[in-house]
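Chain by chain, the residues:
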Amino acid sequence: MDLELLIDRAEHEHVLTKDEITALLKSKAINEDLYAAADRVRCRYVGDEVHLRGLIEFSNICGQNCLYCGLRRDNTKIERYRLAAEVIVELAMKAKEYGYRTVVLQSGEAKCYTMDEMTDIIRKIKALDLAVTLSIGEKSREEYAALKTAGADRYLLRIETTDKALYQAMDPGMSWDNRRRCLRDLKELGFEVGSGCLVGLPGQTLESLADDILFFKELDADMIGVGPFIPNNDTPLSYAAGGEFELSLKVMALVRLLLPDINIPATTAMESLREDGRIVALKSGANVVMPNVTEGDYRRLYALYPGKICVNDTPGHCRVCITSKIEGLGRKVSSDYGFRQKCK
Ligand code: SAM
Ligand code: SF4
Ligand code: FES
């Protein structure tokens, strides 16, 4: 297989087969060419502006037990918290003052807010003229519909892996088919839908990562977040090797080649593995960053994995820090909401 030719075709036609993706993931010789092609596609389709989304980690309480995640319900080593509705809205107000046009409300998957509370929070934040992204896990179609009616614009729900057996081993008690159902419902209800995968789960193959990329294309996802799995000592996967930065970057770059007009974040996990990880990602296909706007000790308590960046920083510091990194690349922080501009 001529891998250079494959990159060229992906750059111009945005199509690759599973075998072709796998071959590109396997070879280390083409990495720089792959990143450069993804950067050109990013520039051509979504431009030089970088969209910032202010991330509010509003509760670390979780009823699920994903083997990889520090928030899993069996982890007794973390102190649990739940921010009051007024505090969440106040953080959104501050995010607006820092110049964010979108807030991402993220939490563990638990019923510690009623639907009425959640919809009320969304309505209050929408009244501030902010776009609202939710990342609060699996819900029924009716619940998603209520969140949409309240004004939520986007929803992030990573499929984590399209390998059903691996998914169900990693997420005991959860069903891959239900997660797929959630993504379908979210699409049908008119959310901008974000998904994504973890790279480097124990037992995951390059072929299954190729399936993940093709799944995102089939789903016609509006956003895709790709991040390395980082082992956490307080979880059953403490023994695992974890994901590699380079492989995560390659998966992300291939997503840009195949879904040219979508939003792709330079993920926090990438920078947690490598000091300039988000900058490298922004130069390899990414066009979004999600700086943390959670305040104080809650950042530390939202302990998904060790080495998470920004845990000791303030929202103000992160805003200045990320802006200077983006401008250092000759790029610009966008001042619009950053919805996907879909190409036909
Ligand atoms: N509870 C919601 C859910 O699972 O969709 C949202 C919050 S969850 C903490 C957000 C994402 O964190 C997950 O989709 C997962 O990919 C990522 N994550 C969890 N543990 C991780 C780890 N050890 N390394 C890297 N990413 C991790
Ligand atoms: Fe809970 Fe999400 Fe972590 Fe799974 S990934 S344990 S659902 S917070
Ligand atoms: Fe938080 Fe740089 S973005 S310290």
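The coordinates are above.
Figured I'd write up the structure that's included with this text. Since we're looking at a predicted model, the values are computed, not measured. (Residues numbered from 1 in each chain as written. Chains lettered and ligands numbered in written order. Predicted model: local features only at pLDDT ≥ 70, side-chain atom pairs only at ≥ 80, totals over all residues. Heavy atoms only, no water.)

1. Brief notes about the overall build of the chain
In step 1: Counting secondary structure elements, the chain contains 14 helices and nine strands.
In step 2: In summary, the chain has a C-alpha radius of gyration of 19 Å against a globular reference of 20 Å for 344 residues, a match within 12%.
In step 3: Dimensions of the chain, computed from the C-alpha atoms along their principal axes, are close to 55 × 40 × 40 Å.
In step 4: Within the span of the chain, comprising 344 residues, buried residues form 59% of the whole.
In step 5: In the chain, 75% of the contacts between residues at least 6 apart in sequence involve partners at least 24 apart.
In step 6: As displayed, the chain has an accessible area near 13,800 Å², and 52% of this comes from carbon and sulfur atoms.
In step 7: Taking the 47 positively charged and 52 negatively charged side chains of the chain as two groups, their mean positions are separated by 2 Å. (Helix = DSSP H or I, 4+ residues; strand = E, 2+ residues; numbered from the N terminus. Rg over C-alpha atoms; globule rule 2.2 N^0.38 Å. Buried < 20%, exposed > 50% of the residue type's maximum accessible area, 1.4 Å probe, protein only. Contact = heavy atoms within 4.5 Å. Areas by Shrake-Rupley, 256 points an atom, 1.4 Å probe, with all protein chains shown as cover. Lys, Arg positive; Asp, Glu negative; His and termini not counted. Charge placed at Lys NZ, Arg CZ, Asp CG, Glu CD.)

2. Some details on the packing of helix 2 (residues 18–26) against helix 9 (residues 206–219)
In step 1: Across the interface, helix 2 lies against helix 9 with an axial gap of 9 Å and an inter-helix angle of 125°. The pairing of helix 2 with helix 9 is recorded here as oblique in orientation. Judged by the twist between their axes, the crossing of helix 2 over helix 9 is right-handed. Of the residues in helix 9, those in contact with Lys18, Ile21, Thr22, Leu25 and Lys26 of helix 2 are Leu206, Glu207, Leu209, Ala210, Asp211, Ile213 and Leu214.
In step 2: Residues of the contact of helix 2 with helix 9, tallied by class, amount to seven nonpolar, one polar and four charged. (Axes fitted to C-alpha atoms, helices over the stretch in contact; angles between N-to-C directions. Parallel < 35°, antiparallel > 145°, perpendicular 65-115°, else oblique. Left-handed = near helix turned anticlockwise from the far one by under 90°. Nonpolar A, V, L, I, M, F, W, Y, C, P; charged D, E, K, R; others polar.)

3. Some details on the pattern of salt bridges
In step 1: The full count for this structure, using the stated rule, is 33 salt bridges.
In step 2: Between aspartate 129 and arginine 101 there is a salt bridge, and its shortest N-O distance comes to 3.9 Å. In this pair, aspartate 129 sits in the loop between helix 5 (115–126) and strand 4 (131–135) while arginine 101 sits in the loop between helix 4 (85–97) and strand 3 (102–107), placing the two residues 28 residues apart along the sequence.
In step 3: Of the residues examined, aspartate 129 reaches a relative accessible area of 40% and is grouped as partly exposed.
In step 4: A salt bridge links lysine 124 to aspartate 120; the nearest nitrogen and oxygen atoms lie 2.9 Å apart. With lysine 124 and aspartate 120 both in helix 5 and four residues apart, the pair spans about one turn of that helix.
In step 5: Several salt bridges share partner residues, and in doing so they unite Lys187, Asp220, Asp222, Asp261, Arg340 and Lys342 into one network. (Salt bridge = Lys/Arg side-chain N within 4 Å of Asp/Glu carboxyl O.)

4. Describing the site of ligand 1
In step 1: Every one of the 18 residues lining ligand 1 counts as a neighbour, but Tyr68, Ser107, Arg158, Glu160 and Ile230 are closest to it.
In step 2: Measuring from a nitrogen atom of ligand 1, one finds a backbone N or O atom of serine 107 at 3.1 Å.
In step 3: Measuring from a nitrogen atom of ligand 1, one finds a backbone N or O atom of isoleucine 230 at 2.8 Å.
In step 4: Considering ligand 1 on its own, with 560 Å² of exposed area, one finds that the protein chains cover 92% of that surface.
In step 5: Taken together, the residues of the shell around ligand 1 break down into ten nonpolar, four polar and four charged. (Near = heavy atom within 4 Å. Polar contact = N/O pair within 3.5 Å; in protein donor to acceptor, adjacent residues only side chain to side chain.)

5. Observations concerning unusual backbone geometry
In step 1: Despite not being glycine, aspartate 129 shows a phi value in the positive range, around 65°.
In step 2: Of note, the phi angle at cysteine 310 is positive, near 70°, even though the residue is not glycine.
In step 3: Its location among the elements puts cysteine 310 in the loop between helix 13 (298–301) and helix 14 (315–328).

6. A few points about a negative patch on the surface
In step 1: Together, Asp2, Glu4, Asp8, Glu13, Glu32, Asp33, Glu244 and Glu246 line one region of the surface with negative charge.
In step 2: Going through the elements one at a time, helix 1 (3–13) and helix 3 (31–46) are the ones with two or more residues in the negative patch.
In step 3: Of the residues forming the negative patch, the biggest block, three residues, is contributed by helix 1.
In step 4: Examined against the element boundaries, glutamate 32 turns out to sit in helix 3. (Patch = residues over 30% accessible without salt bridge, like charges linked within 9 Å, V, L, I, M, F, W, Y side chains within 5 Å.)

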